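# A look at the structure
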Amino acid sequence: MQRIRLRYTKRGRLRFTSHRDFQRAFERALRRAEVPMAYSAGFTPHPKVSYANAAPTGTGSEAEFLEIALTEARDPETLRALLDESLPDGLDITDAVEARTSGLADRLTASVWELRLDGVTVEDAEKAVAAFLAAETVEVQRKTKNGIRTFDARSAVADLVAARPQGDRPLDNACAILRLVVRHVTPAVRPDDVLSGLRAVADLAPPVPAAVTRLAQGLFDEESGTVTDPLAPDREAVTAAPPTAAATASATAPGAGTA
């Protein structure tokens, strides 16, 4: 059995798809691309797909990850292209690598988020960020199925900065960009929890909902404060390991290596 790890996006209007919506779309793409999927045992077999830390509904993402199990070896890049063609625009498969290491979920320990705050000046955003970072704890509340839960949103935040939107074209209205690095803890601290914290400590309340996008997720490096690529160990292992059955079959196919 071969395992392939994929990175995919949620862009544009597709940010409003739920995780369940994406699951249905992805399973249809697997059938259209005729991927030789491995299935679970039992009375209702399901394709073996493992999803990792999906972004909340309504947020965009450039860095979602999943793993699939195949009954026949396939070239990861060829498989990526086939699946990408079978998905709607906005749900894009941007990377694929053969799984050569264990613990993908264990390498997703932090996320980098971008929050666009229309109607908020950069100066007001900077003051709110300074107040948030200076606080030892910032208690926020979130409604759950078990009622209202109170927790600290400050301890999970590794970095938070405010900046102006990129580009030379002047904006008609005030706009600030927040770049947030947050550790994956329990309970999970989401971008909207940080916005609630900014409202609590500095009365920062954007007039319109923030546009939130996950830019990256992976292993958090405490020394550099960066989030590393979780697929890098698999790429390195593939480079160091002998060719797989898929690579060997491709190299020995009729016409391979001829001009």
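In what follows, the structure referred to is the one given above.
Everything in this summary refers to the structure shown in the same document. (Residues numbered from 1 in each chain as written. Predicted model: local features only at pLDDT ≥ 70, side-chain atom pairs only at ≥ 80, totals over all residues. Heavy atoms only, no water.)

### What about empty space enclosed by the protein?
Where we set the bar: Grid spacing is 1 Å over the protein atoms alone, the probe is 1.4 Å, and a cavity is where that probe fits but cannot get out, while a pocket is an open set with protein on both sides within 12 Å along at least five of seven lines and lining residues have an atom within 4 Å of a point. Grid points are joined across faces, edges and corners, and a volume is the space filled by probe spheres set on the points. A run of DSSP states H or I qualifies as a helix once it reaches four residues; a run of E qualifies as a strand once it reaches two. Both are numbered from the N-terminal end. Only Asp, Glu, Lys and Arg are considered charged in this grouping, and only Ala, Val, Leu, Ile, Met, Phe, Trp, Tyr, Cys and Pro are considered nonpolar; every other residue, Gly among them, is considered polar.
Counted according to the given criterion, the structure contains 1 cavity of 30 Å³ or more. Reported here for the largest cavity is a volume of approximately 50 Å³. Those elements that provide at least two residues to the lining of the largest cavity are β1 (2-10) and α1 (19-32). Partitioned by chemical class, the residues of the lining of the largest cavity number 4 nonpolar, 2 polar and 2 charged.

### Things to note about the side chain of Asp234
Rule in force here: Contacts are assigned to residue pairs with any non-hydrogen atoms lying within 4.5 Å of each other.
As for its placement among the helices and strands, Asp234 is situated in helix α5 (residues 232-240). Residues in contact with Asp234, not counting those within four places in the same chain, are Arg5, Val97, Glu98, Ala99, Arg100, Thr101 and Arg107.

### Brief notes about α1
As a reminder, the rule being used: Expected span of a helix: the number of residues minus one, times 1.5 Å. A 1.4 Å probe rolled over the protein chains alone gives each residue an accessible area, and that area as a share of the maximum for its type sets the label: buried under 20%, exposed over 50%, partly exposed in between.
Compared with an ideal rise of 1.5 Å per residue, which puts 14 residues at 20 Å, α1 spans 20 Å between its outermost C-alpha atoms and is within 8% of the ideal. For α1, every residue scored as buried is listed here: Phe22, Gln23, Ala25, Phe26, Ala29 and Leu30. Summarising the contacts, the buried residues of α1 are in contact with β1, β2 (49-52), β3 (60-70), α2 (76-86) and β4 (93-98). Glu34 occupies a position one or two residues after α1 and carries a positive phi of about 55 degrees.

### A closer look at α2
For an α-helix the count is 3.6 residues per turn, leaving residues at separations of three or four pointing the same way. So the rule is basically this: Taken from the helix axis, the directions to the C-beta atoms give the arc we talk about.
Regarding α2, the residues found buried are Pro76, Leu79, Arg80, Leu83 and Ser86. Within α2, the buried residues cover an arc of 130 degrees as seen down the axis, which keeps them to one side. If you follow the buried residues of α2, they end up packed against β1, α1, β3 and β4.

### Thoughts on the packing of aromatic side chains
Convention followed: In this scheme Phe, Tyr and Trp rings, the latter by its six-membered ring, pair at centre separations within 6.5 Å, and the angle between planes marks the pair as stacked below 30 degrees, edge-to-face above 60, and tilted otherwise.
A full pass over the atoms with the stated rule returns 3 aromatic pairs. With centroids separated by 4.1 Å and ring planes inclined at 5 degrees, the aromatic side chains of Tyr8 and Phe22 adopt a geometry described as stacked. In this pair, Tyr8 sits in strand β1 while Phe22 sits in helix α1, placing the two residues 14 residues apart along the sequence. As far as the burial class goes, Tyr8 and Phe22 line up, both buried. Their ring planes at 85 degrees and their centres at 6.2 Å tell us that Phe22 and Tyr51 sit as a pair that is edge-to-face. In this pair, Phe22 sits in helix α1 while Tyr51 sits in strand β2, placing the two residues 29 residues apart along the sequence.

### With respect to the pattern of salt bridges
Here is the rule: Think of a salt bridge as a Lys or Arg side-chain nitrogen and an Asp or Glu carboxyl oxygen that are within 4 Å of each other.
Under the definition given, this model contains 17 salt bridges. For the salt bridge of Asp229 with Arg235, the shortest nitrogen-to-oxygen distance reads 2.2 Å. The partly exposed category is assigned to Asp229, whose relative accessible area is 29%. Take Arg235: its relative accessible area is 30%, and that puts it in the partly exposed class. Several salt bridges share partner residues, and in doing so they unite Arg3, Arg5, Glu67, Arg107 and Asp234 into one network.

### A closer look at the side chain of Thr9
Secondary-structure assignment places Thr9 in strand β1. Excluding residues within four positions of it along the chain, Thr9 makes contact with Ser61, Glu62, Gly90, Leu91, Asp92 and Thr94.

### Focus on the packing of helix α3 (residues 122-134) against helix α4 (residues 191-202)
How we decide: A fitted line through C-alpha atoms serves as each axis, taken over the contacting stretch for helices, and the angle formed by two N-to-C directions is quoted from 0 to 180°. Angle categories: roughly parallel below 35 degrees, roughly antiparallel above 145, roughly perpendicular from 65 to 115, and oblique for all the rest.
Taken N-terminus to C-terminus, the directions of α3 and α4 make an angle of 95 degrees; their axes are 9 Å apart at the nearest point. Considering their axes alone, α3 and α4 lie roughly perpendicular with respect to each other. Of the residues in α4, those touching α3 at Ala128, Val129, Ala131 and Phe132 are Val194, Gly197, Leu198, Val201 and Ala202.

Take it as geometry only, folks, not as evidence of what the structure does.
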